[in-house]
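Overview (structure and organization)
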Number of protein chains: 2
Amino acid sequence: MQNYKLLLAYDGSRYAGWQRLARTEQTVQGKVETALSRLTGQAVQICGSGRTDAGVHAEGQVASFRLETAVDCGVLLEQLRRYLPEDIGALALEPAPERFHARLSARRKTYRYRIWNSSLPCVFERKYVYPVPQPLDAGLMEQAARQLLGTHDFAAFCTRRSEKKSTVRTLEQVRVEQTGQELRLYYTADGFLYNMARILTGTLIEIGDGRRPPQTMGVVLESRRRELAGYTAPAKGLCLMEVEY
Amino acid sequence: MQNYKLLLAYDGSRYAGWQRLARTEQTVQGKVETALSRLTGQAVQICGSGRTDAGVHAEGQVASFRLETAVDCGVLLEQLRRYLPEDIGALALEPAPERFHARLSARRKTYRYRIWNSSLPCVFERKYVYPVPQPLDAGLMEQAARQLLGTHDFAAFCTRRSEKKSTVRTLEQVRVEQTGQELRLYYTADGFLYNMARILTGTLIEIGDGRRPPQTMGVVLESRRRELAGYTAPAKGLCLMEVEY
């Protein structure tokens, strides 16, 4: 058995998320598994670094899979690029060490959230940005976000919480970038809870438009209560940028 | 009667071009006319600065139209933004002088052509770029393009030529911009013949990848023969950026 590491980009707009579901649903995992199985003639199961929700995009999703018979990565990558639909791109493929596992070996992930902060229509990037017409104060948002840096229980920023699993994560970096009409929020953490990046973003938007003071962030965090945090920002603005191992 | 000037952006992907055709075809003009007629309660006919082909985009198309009864531009613009589909954006609306005509008053237009010059898949911008995997020499392309600057008979760069109409145009500016994996060609002229920007681009690509020497450009121009120029680059890479009056 040879282990492989595959780097993928995808436009999540028309998929029911990453994870393979019932046969009738279009999922990114399903598309890639089908392509790999057809191309190699082997029954391939891939494992992603994490599930992305319906509508969430990726510029750097990582998946691992094993093959009974080793293949030439350059050839298989070329074939994948021809076989996969236009909204899923195979960026790179390489042999991986025996113990490499896209999810379990991941040390750190970076997500980006794009906000179109203008009342002008955003025609070309409309599937990748969340339009927020009211003015947002990027400085306040960054100040608020910084209160979350470090290791904390992020239960307040998580939906569908399981009582058994730990909700402690380490948020290593938060950056707010303003370019023209657009605000881009970057989050880097050792892991993300379900909807965490989207709830963080919704809460930061409520701070940026003045509905909440920036100090609210620390209070919400300590409460560990989902209902004290802001709304869940829509999926389409979110993109998994990088997984580090 | 009050005359108006409307600034539009659109993603041409799902339209049969700008010009209103049979009722069954989706066109940008059709969508905007229907919206304006519904919103004002008047039978509105709009006139674009020029027709864009099926699949061609616009960041700055200009249209003019007249209304029997004057309206508040701010209010109508807001309504248009809500009424138009997501892939057509109303950017600005203002009253125009009586004699203003979007096509006849236009003095200069700028088109941009985007080439994705990489073998990597271009997932997110796939509808707006033309992928050319073979390496292109931007310097050679710019050198070739500069031979066309000025006033010439551009018949060689025009399909469906009408014997009656002049094919003389003034190409005022050509720019080749390289950013990362992308090449962007900008053309500014007092007017463009049918398919002119796309044939110029196809010819420049054949120069950039070494199939033709850059000096070929002047020869093709002088020949005034379409069959000596390069191929017509696909519509999806082309975008009408600006119309100046």
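Within every chain, residues take consecutive numbers counted from 1 along the sequence as written. Each chain gets a letter, beginning with A, and each ligand a number, beginning with 1, in the order they are written. Local features are withheld for residues below a pLDDT of 70 in this predicted model, meaning they are given only at 70 or higher, and side-chain atom pairs are given and counted only at 80 or more; totals for whole chains, interfaces and linings count all residues. Water and hydrogen atoms play no part in the side-chain values, which are based on all heavy atoms of the structure.

This next bit is on the overall build of chain A. Helix and strand content of chain A: five helices and 10 strands. Only C-alpha atoms enter the radius of gyration; for comparison, a globular chain is expected to reach 2.2 Å times N to the power 0.38, where N is the number of residues. The C-alpha radius of gyration computed for chain A amounts to 19 Å, which stays within 12% of the reference 18 Å derived for 245 residues, consistent with globular compactness. By its C-alpha atoms, chain A is 60 × 45 × 30 Å across when sized along the principal axes. Burial here depends on accessible area, computed with a 1.4 Å probe over protein chains only, as a share of the maximum for the residue type. Under 20% is buried, over 50% is exposed, and the range in between is partly exposed. Taken across its 245 residues, chain A has 54% of its residues classed as buried. Residue contacts follow a heavy-atom distance rule, with two residues in contact if any of their heavy atoms lie within 4.5 Å. Relative to all contacts within chain A whose residues are 6 or more apart in sequence, the contacts with residues 24 or more apart total 70%. The Shrake-Rupley method, run with a 1.4 Å probe, gives the accessible areas here. Residue values count only the displayed protein chains as cover. Working note: accessible area of chain A is about 11300 Å², and carbon and sulfur atoms make up 48% of it. Counted as positive: Lys and Arg. Counted as negative: Asp and Glu, with His and the chain ends omitted from the count. A charge is said to be at NZ when it belongs to Lys, at CZ for Arg, at CG for Asp and at CD for Glu. Of the side-chain charges in chain A, 34 are positive and 27 negative, and the distance between the mean point of each set is 4 Å. A helix here means a DSSP run of H or I that spans at least four residues, while a strand means a run of E at least two residues long, and both kinds are numbered starting from the N terminus.

Our focus in this paragraph is the pairing of strand β8 (residues 168-179) of chain A. All names here are of chain A. Strands were regarded as paired on the criterion that DSSP finds at least two bridges between them. Direction of pairing for strand β7 (residues 150-153) relative to β8: antiparallel, over a ladder of four bridges. Among the inter-strand pairings, G150 is bridged to a residue of β8, identified as L171. If you look at the hairpin formed by β8 and strand β9 (residues 182-189), you'll find two residues sitting between the two strands, and G180 has a positive phi there, around 60°.

All names here are of chain A. Looking at the element boundaries, D137 is found in the loop between β6 (130-131) and α3 (138-146). The spatial distance from the C-alpha of D137 to the C-alpha of R66 is 47 Å, given a sequence separation of 71 residues. N or O atoms closer than or at 3.5 Å make up a polar contact, with two conditions inside protein: a donor-capable atom paired with an acceptor-capable one, and, for residues adjacent in sequence, both atoms drawn from side chains. Within the local environment of D137, its side chain forms a polar contact with the backbone nitrogen of G139, the two atoms lying 2.9 Å apart. For D137, the side chain forms a polar contact with the main-chain nitrogen of L140, separated by 3.0 Å.

We now examine helix α4 (residues 196-208) of chain A. All names here are of chain A. Here α4 spans 18 Å end to end across 13 residues, near enough to the 18 Å set by a 1.5 Å rise per residue. Within α4, 13 of the 13 residues are buried, leaving the element largely enclosed by the surrounding structure. Downstream of α4 by one or two residues, G210 has phi in the positive range, about 90°. Take the residue count of a helix, subtract one, and multiply by 1.5 Å to get its expected span.

Superposition of the copies was done by least squares, using only C-alpha atoms of residues whose pLDDT is at least 70 in both. It takes a turn of 180° to lay chain A on chain B, together with a shift of 0.0 Å along the axis; the resulting RMSD is 0.0 Å. In short, the pair behaves as if placed about a two-fold rotation axis. The position closest to the rotation axis in chain A is occupied by the C-alpha of E125 of chain A, lying 4.3 Å away. Interface overlap between copies: 100% of the residues of chain A at the interface are likewise at the interface in chain B, consistent with a symmetric, same-surface contact.

What follows covers unusual backbone geometry. Residue N195 of chain A is not a glycine yet carries a positive backbone phi of 70°. Of note, R224 of chain B is a non-glycine position whose phi angle comes to about 55°, a positive value.

Time to look at the interface of chain A and chain B. The partner chain B presents 23 residues to the 23 residues of chain A that form the contact. Summing both sides of the interface, chain A and chain B together bury roughly 1800 Å²; the carbon and sulfur share of this comes to 60%. Put simply, a salt bridge is a Lys or Arg side-chain nitrogen that is within 4 Å of an Asp or Glu carboxyl oxygen. For the pair chain A and chain B, the interface holds two salt bridges. Ionic pairing is found between R126 of chain B and D11 of chain A, a salt bridge with its closest N-O pair at 3.1 Å. At the junction of chain A with chain B, the criterion picks out six residue pairs in polar contact (both at pLDDT 80 or more). For the side of chain A that touches chain B, the secondary structure elements donating two or more residues are β1 (2-10), β3 (57-67) and β4 (88-96) of chain A. Defined in terms of a 1.4 Å probe, buried area is the accessible area two parts forfeit on being brought together, summed over both.

Residue and element names in this part refer to chain A. Only rings of Phe, Tyr and Trp enter the pairing, Trp through its six-membered ring, and a pair is recorded when the two centres are within 6.5 Å. The plane angle decides the type: under 30 degrees is stacked, over 60 is edge-to-face, the rest tilted. Inspection of the entire model under this criterion finds 14 aromatic pairs over all chains. An angle of 75° between the planes, with centres 4.9 Å apart, marks the rings of Y111 and F192 as edge-to-face. With Y111 in strand β5 (residues 108-116) and F192 in the loop between β9 and α4, this pair connects stretches of sequence that are 81 residues apart. Neither Y111 nor F192 differs from the other in exposure class; each is buried. Lying over the aromatic face of Y186, R175 brings its terminal NZ or CZ to 4.3 Å of the ring centre. The criterion is that NZ of a Lys, or CZ of an Arg, lies within 6 Å of the ring centre and within 35 degrees of the ring normal, and then a charge sits over that ring.

For the rest of this paragraph, the subject is the packing of helix α3 (residues 138-146) of chain B against helix α4 (residues 196-208) of chain B. Residue and element names in this part refer to chain B. Fitting a line to C-alpha atoms yields each axis, with helices limited to the stretch in contact; the angle taken between N-to-C directions then spans 0 to 180 degrees. Direction vectors running N to C along α3 and α4 enclose 135°, while the axes themselves pass 8 Å from each other. With respect to α4, the element α3 is oriented oblique. In the packing of α3 onto α4, the handedness of the crossing is right-handed. Packed against α3, whose contacting residues are L140, M141, A144 and A145, the element α4 presents L204, I205, I207 and G208 at the interface. Gly falls in the polar group here, along with every residue not listed as nonpolar (Ala, Val, Leu, Ile, Met, Phe, Trp, Tyr, Cys, Pro) or charged (Asp, Glu, Lys, Arg). Tallied by class, residues from the contact of α3 with α4 come to seven nonpolar, one polar and no charged. An angle counts as roughly parallel when it lies under 35 degrees, as roughly antiparallel when it exceeds 145, as roughly perpendicular when it falls between 65 and 115, and as oblique in every other case. By convention, the crossing between two helices is left-handed when the near helix turns anticlockwise from the far helix through less than a right angle, and right-handed when the turn is clockwise.

One pass over the structure, following the stated rule, counts 34 salt bridges over all chains. For E244 of chain B, the salt bridge identified is with R108 of chain B, shortest N-O distance 3.0 Å. One end of the pair, E244 of chain B, is in strand β10 (residues 238-244); the other, R108 of chain B, is in strand β5 (residues 108-116), with 136 residues separating them in the sequence. Sharing partners across several salt bridges, the network here consists of R114, E125, E182 and R184 of chain A.

All names here are of chain A. Mapping L171 onto the fold places it in strand β8. When its relative accessible area of 1% is taken as the criterion, L171 is described as buried. Once the C-alpha coordinates of L171 and G150 are considered, the two residues, 21 residues apart in sequence, prove to be 5.2 Å apart. Beyond its immediate chain neighbours, meaning those up to four positions away, L171 contacts L148, L149, G150, F154, Y187, T188 and A189.

Moving on, we get to the confidence of the model for chain A. When pLDDT is averaged along chain A, the result is 95; 99% of the residues meet or exceed 70. Two numbers describe this predicted complex: its pTM, 0.93, and its ipTM, 0.91. Scored from 0 to 100, pLDDT records how confident the predictor is in each individual residue.

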